[in-house]
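Residue-level structure breakdown
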Amino acid sequence: MERTIGIAIGIPQPWGAELDAARASTGDPLAALIPSHVTLLGPTMLPISAELDRSIDELLAHVAEQNAPFTIQLRGTGTFRPVSQVVFVALATGIGECEQLAGAIRTGPLARDLAHPYHPHVTVGHDVPEPALDDVFDRLADYSARFDVDHFTRYEHNGTGSWQPIRSYPLRG
């Protein structure tokens, strides 16, 4: 038996609600199921195992111990089109810290090859019609938010489409 996990930095309020609403406005059916976040480890299928859970927990706790809190500045929009039908809010600061966290997380029991280079962002439109992607791209072109990041969270897919937080890991480096 398997389950799917992911590791992410949740976008705090009020910005999380703003970005959730922007994604929902595109007609994206996943908007209600996936709160706004910066992915550190994308959806990863793993066997269900208490030993593996302990190993992952130890890895994530170690990564959090080695990395200090930091600030993310969100600014403007970007897209992965034509490679994938995604519009996102871009990070202006915090990119290096997210890259460092993501690289450290993708080791040991979570070692993974990436299909594309890691690019921290906040998705606001995914696999919806082009006009909806164009609209959210234009509406959020001047978007700006700044917040401190003091933890990341392990999530597990619950089988009904939504992600449930399992544990947060405070940054202490």
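1. Some points on the sheet that holds strand β6 (residues 144–149)
The 4 strands lie next to each other as β5-β4-β3-β6, forming an open sheet whose pairing is antiparallel. Sheet topology places β5 (121–126) and β6 at the edges, where each strand pairs with a single neighbour. Ignoring which end each strand starts from, the neighbouring axes of this sheet average 30 degrees apart. Of the strand pairs in this sheet, strand β3 (residues 70–79) and β6 are connected by 6 bridges, and their pairing is antiparallel. By the bridge assignment, Arg75 is partnered in β6 with Ser144. Across the sheet, helix α4 (residues 130–139) is in contact with β3, β4 (86–93) and β5; its angle to β3 comes to roughly 135 degrees.

2. Side note on the nonpolar core
Counting 42 residues, the largest nonpolar core has Ile9, Leu40, Ile72, Leu74 and Phe152 as the members making the most contacts within it. The leading source of residues in this core is helix α2 (residues 50–66), at 6 residues. Those residues in contact with Leu40, other than ones at most four positions away along the chain, are Ile7, Ala8, Ile9, Cys98, Leu101, Ala102, Ile105, Arg106, Tyr118 and Phe152.

3. A short note on α2
Residue pairs three or four apart in sequence face the same way in an α-helix, which turns once every 3.6 residues. With 17 residues, α2 should cover 24 Å at 1.5 Å per step; its first-to-last C-alpha distance of 24 Å lies within 8% of that length. Taken as a whole, α2 has its buried residues at Leu52, Ile56, Leu59, Leu60, Val63 and Ala64. Angular distribution of buried residues about the axis of α2 spans 130 degrees; they occupy a single face of the element. Opposite its buried face, α2 presents the exposed residues Ala50, Glu51, Glu58 and Gln66, each directed more than 90 degrees away. A side-chain oxygen of the first residue of α2 lies 3.3 Å from the backbone nitrogen of Glu51; this N-cap is Ser49.

4. Notes on the pairing of strand β7 (residues 151–157)
Note that strand β1 (residues 2–10) and β7 share 4 bridges and pair antiparallel. The partner of Gly6 across the bridge, within β7, is Tyr155. Pairing of β7 with strand β8 (residues 163–170), which is carried by 7 bridges, proceeds in the antiparallel orientation. When the sheet's bridge partners are listed, Arg154 is paired in β8 with Arg167. Hairpin remark: β7 followed by β8, antiparallel, with 5 residues in the connecting loop; positive phi at Gly159, about 90 degrees.

5. A short note on the sheet that holds β8
Spatially, β2-β1-β7-β8 is the arrangement adopted by the 4 strands of the open sheet, whose pairing is antiparallel. Strands at the two margins of the open sheet, each flanked by one partner only, are β2 (37–47) and β8. The sheet shows a mean angle of 25 degrees between the axes of neighbouring strands, direction not considered. Contacts from helix α3 (residues 95–105) reach β1, β2 and β7, with the element oriented near 10 degrees to β2.

6. Here we look at the pattern of salt bridges
Tallying each qualifying case throughout the model produces 9 salt bridges. Of the charged contacts, one joins Asp28 and Arg23 as a salt bridge, the two residues approaching to 2.8 Å between their closest N and O atoms. Residue classification places Asp28 among the buried positions, given a relative accessible area of 5%. You can call Arg23 buried: its relative accessible area is 7%.

7. A word on the packing of aromatic side chains
Going through the model one piece at a time under the given rule, you end up with 3 aromatic pairs. The interplanar angle of 25 degrees and the centroid separation of 6.0 Å between the aromatic rings of Trp15 and Phe147 together place this pair among those described as stacked. Placement of the pair is Trp15 in helix α1 (residues 15–25) and Phe147 in strand β6, with a sequence separation of 132 residues. Among the residues examined, Phe147 registers a relative accessible area of 5% and is labelled buried. Here Phe152 and Tyr169 contribute two aromatic rings whose centre-to-centre distance is 5.5 Å and whose plane-to-plane angle is 25 degrees, an arrangement assigned as stacked. Here Tyr169 lies in strand β8 and Phe152 lies in strand β7, a separation of 17 residues in the sequence. Across the pair, exposure class does not vary: Phe152 and Tyr169 are buried alike.

Analysis parameters
- Residues numbered from 1 in each chain as written.
- Predicted model: local features only at pLDDT ≥ 70, side-chain atom pairs only at ≥ 80, totals over all residues.
- Heavy atoms only, no water.
- Pairing = 2+ DSSP bridges.
- Helix = DSSP H or I, 4+ residues; strand = E, 2+ residues; numbered from the N terminus.
- Axes fitted to C-alpha atoms, helices over the stretch in contact; angles between N-to-C directions.
- Contact = heavy atoms within 4.5 Å.
- Core = buried A, V, L, I, M, F, W, Y, C linked by side-chain atoms within 4.5 Å.
- Buried < 20%, exposed > 50% of the residue type's maximum accessible area, 1.4 Å probe, protein only.
- Expected span 1.5 Å × (residues − 1).
- Arc of directions from axis to C-beta.
- Polar contact = N/O pair within 3.5 Å; in protein donor to acceptor, adjacent residues only side chain to side chain.
- Salt bridge = Lys/Arg side-chain N within 4 Å of Asp/Glu carboxyl O.
- Phe/Tyr/Trp six-rings, centres within 6.5 Å; stacked < 30°, edge-to-face > 60°.

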